[in-house]
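The lines below spell out each chain.
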Amino acid sequence: IVLWVLASFPKDSNGDIQIENSYVGYVGHAIEPIIAPMGFDWRIGIGLITSFAARETFVATMNITYDLDEEEEEGLKDRIRRDYTPLISISVMVFYVYAAQCMSTFAIVKRETNTWKWPAFMIIYMTLLAYIGSTLVFQVGSWMGYS
């Protein structure tokens, strides 16, 4: 619901929703220079942020960003196939293999260790590992001509 609200406002002068110019679109564009070395655009960036709550939300987020932005009959699978190369898809998968992006996991680690030190370590270490791994996959793949 929060994502939908942030993706729905502000509306343009005609009252239309343009997700690229919404609040969530601004956030996606702001982080795009950071995630670009992994081959990610602002839409994937929004998905990365929302998937911090649970990884499953990535697909739902991608669906929301496309459904609000385009008036096509094309399905999510076809849109992703059109907009992203297999190399970008592999880069996303590598990111999620290494990233610790689940709030409930951090809450359990905090409860079990009785400190925020280990969850913070997990967030930093695993996000850096995911970023480096994903960037290497995309950059090496691009260098080899798989972009």
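Data block above holds the structure.
Predicted model only: the values in this text are computed from it and were never measured. (Residues numbered from 1 in each chain as written. Predicted model: local features only at pLDDT ≥ 70, side-chain atom pairs only at ≥ 80, totals over all residues. Heavy atoms only, no water.)

Draft legend 1. Highlighting the pattern of salt bridges. For the coordinates displayed, the defined rule picks out two salt bridges. As a salt-bridge pair, Asp83 and Arg82 come within 2.9 Å of each other at their nearest N and O atoms. For Asp83, a relative accessible area of 34% gives the class partly exposed. Across the pair Glu112 and Arg111 runs a salt bridge whose closest N-O atoms are separated by 3.6 Å. Taking relative accessible area as the criterion, Arg111 reaches 58% and is therefore assigned exposed. (Salt bridge = Lys/Arg side-chain N within 4 Å of Asp/Glu carboxyl O. Buried < 20%, exposed > 50% of the residue type's maximum accessible area, 1.4 Å probe, protein only.)

Draft legend 2. Geometry of the environment of Trp4. Along the chain, Trp4 falls in helix 1 (residues 2-8). By relative accessible area, which is 46% here, Trp4 ends up partly exposed. Between the C-alpha atoms of Trp4 and Ile19, which are 15 residues apart in sequence, the distance is 9.7 Å. (Helix = DSSP H or I, 4+ residues; strand = E, 2+ residues; numbered from the N terminus.)

Draft legend 3. Inspection of a nonpolar patch on the surface at higher detail. Together, Ile1, Val2, Trp4, Val5, Leu6, Phe9, Tyr23 and Tyr26 give the surface a local cluster of nonpolar side chains, amounting to about 860 Å² of exposed area. Elements with a minimum of two residues in the nonpolar patch: helix 1 and helix 2 (23-35). Per-element accounting of the nonpolar patch gives the leading share, four residues, to helix 1. Here Leu6 is to be found in helix 1. (Patch = residues over 30% accessible without salt bridge, like charges linked within 9 Å, V, L, I, M, F, W, Y side chains within 5 Å. Areas by Shrake-Rupley, 256 points an atom, 1.4 Å probe, with all protein chains shown as cover.)

Draft legend 4. Fine view of the packing of helix 6 (residues 86-98) against helix 8 (residues 117-143). It is the contact of helix 6 with helix 8, at a shortest axis distance of 8 Å, that shows an interaxial angle of 160°. In terms of orientation, helix 6 lies roughly antiparallel with respect to helix 8. In terms of crossing hand, the pair formed by helix 6 and helix 8 is right-handed. Mapping the contact onto sequence places Leu87, Ile88, Ile90, Ser91, Val94, Phe95 and Tyr98 in helix 6 and Met126, Leu129, Ala130, Tyr131, Gly133, Ser134, Val137, Phe138, Gly141 and Ser142 in helix 8. For the contact of helix 6 with helix 8, a count of residues per class yields 12 nonpolar, five polar and no charged. (Axes fitted to C-alpha atoms, helices over the stretch in contact; angles between N-to-C directions. Parallel < 35°, antiparallel > 145°, perpendicular 65-115°, else oblique. Left-handed = near helix turned anticlockwise from the far one by under 90°. Contact = heavy atoms within 4.5 Å. Nonpolar A, V, L, I, M, F, W, Y, C, P; charged D, E, K, R; others polar.)

Draft legend 5. Representation of the environment of Gly141 in the model. Turning to its location among the elements, Gly141 is positioned in helix 8. Look at Gly141 and you get buried, because its relative accessible area is 8%. Here Gly141 is in contact with Leu87, Leu136, Tyr146 and Ser147, once residues within four sequence places are set aside.

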